[in-house]
Structure formats: C-alpha cells, structure tokens
Amino acid sequence: QVQLVESGGGLVQAGGSLSLSCAASGFTFSLYAMRWYRQAPGKERELVAAISSGGGTTTYADSVKGRFTISTDNAKNTVYLQMDSLKPEDTAVYFCSARRRMRDYWGQGTQVTVSS
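First, a word on what this report is: a plain description of the structure on this page. What you see is a predicted model; the values in this text were computed from it and never measured.

**With respect to the sheet that holds strand S3 (residues 18–25)**
One open sheet holds the 4 strands; their spatial order is S1-S3-S8-S7, and the pairing between them is antiparallel. Pairing within the sheet leaves two strands with one partner each, and these edge strands are strand S1 (3–7) and strand S7 (68–73). For this sheet, the mean inter-axis angle between neighbouring strands, taken without regard to orientation, is 15 degrees. One ladder, built from 5 bridges, connects S1 with S3; its direction is antiparallel. Residue pairing across strands places glutamate 6 opposite cysteine 22, the latter belonging to S3.

As structure tokens, then:
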C-alpha cells in the first residue's frame, strides 16, 4: 500500500515554469530522503534533486542548479519540484523516489515536455 502519486507534468515553452508534486502514503514520510529523477528517451536515468529526511539538506544536478528547487511539506507528506527557466533539454519523464537506507519507493512518473 505504499504509494507515490505524482502530478504537475505537462507541456511548457522554453523559459516557462512547472511545479511537480508527489504525494506519499503508506510509509513514514519524515524518515525518508526524497529524490527527483528524470529519464529522457535513449538516456540513462539522472538524479535531478534530493532532499534529506527532515528537509535539512538539498542537492542538485549541475544542469539544474539555480533553476529547480526541491522542497517537502511534512504535514501533507508531499515533495515538490519547482522548475523555472525550463529548457528543451529538461524534457523527460520525471520520477519521485523515497529512500531510506537501501529501500526505495518509486512513483509512476510524469511527462515534462519543453518546447523551443
């Protein structure tokens, strides 16, 4: 009954913004580090952003630093990815993941398409 339900993907023009949400249930959200990954066709899965359990530390891929922001709302068991100044290279399926020790949970993915 673990679930990660993503929303917010879609089509946006270059330079625009999208906000992704991932609502978690079935596990103790505050104990898990949360991550956003993306995968474009023909490319390997890429870690985009991560936030530590409790939300104290964030990390970002160099390609998105200064443009994307990861955050959590523990009261809502939700992790967000605010995506600004989007580029066509950001086009991918975005997945959220919850990680504690060696255990990972994954969402179903949401498509983000950025047109030039």
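**Structural notes on the environment of serine 52**
Assignment of secondary structure puts serine 52 in the loop between strand S5 (46–51) and strand S6 (58–60). A C-alpha to C-alpha distance of 4.5 Å links serine 52 and alanine 33, two positions 19 residues apart in sequence. Not counting residues within four places of it along the chain, the set of residues in contact with serine 52 comprises Ala33 and Thr57. Of note is the side chain of serine 52, whose polar atom sits 3.2 Å from the backbone nitrogen of glycine 56.

**Quick word on unusual backbone geometry**
It is generally the case that most residues other than glycine have a negative phi and that most peptide bonds are trans. Even without being glycine, serine 85 reaches a positive phi, approximately 50 degrees. Tracing the chain through its elements places serine 85 in the loop between strand S8 (78–83) and strand S9 (92–100). Owing to a relative accessible area of 42%, serine 85 belongs among the partly exposed residues under this scheme.

**Details of the pattern of salt bridges**
On inspection of all chains with the given rule, the structure shows 4 salt bridges. A salt bridge links glutamate 46 to arginine 38; its shortest N-O distance comes to 2.8 Å. The class for glutamate 46 is partly exposed, based on a relative accessible area of 28%. Of the charged contacts, one joins aspartate 90 and arginine 67 as a salt bridge, the two residues approaching to 2.8 Å between their closest N and O atoms. Placement of aspartate 90 in the loop between S8 and S9 and of arginine 67 in the loop between S6 and S7 is noted, with a sequence separation of 23 residues between them. Judged by its relative accessible area of 11%, arginine 67 falls in the buried class. Each of Arg38, Glu46, Arg67 and Asp90 takes part in salt bridges that share partners, so that together they form one network.

Quick notes on the rules
Residues numbered from 1 in each chain as written. Predicted model: local features only at pLDDT ≥ 70, side-chain atom pairs only at ≥ 80, totals over all residues. Heavy atoms only, no water. Pairing = 2+ DSSP bridges. Helix = DSSP H or I, 4+ residues; strand = E, 2+ residues; numbered from the N terminus. Axes fitted to C-alpha atoms, helices over the stretch in contact; angles between N-to-C directions. Contact = heavy atoms within 4.5 Å. Polar contact = N/O pair within 3.5 Å; in protein donor to acceptor, adjacent residues only side chain to side chain. Buried < 20%, exposed > 50% of the residue type's maximum accessible area, 1.4 Å probe, protein only. Salt bridge = Lys/Arg side-chain N within 4 Å of Asp/Glu carboxyl O.

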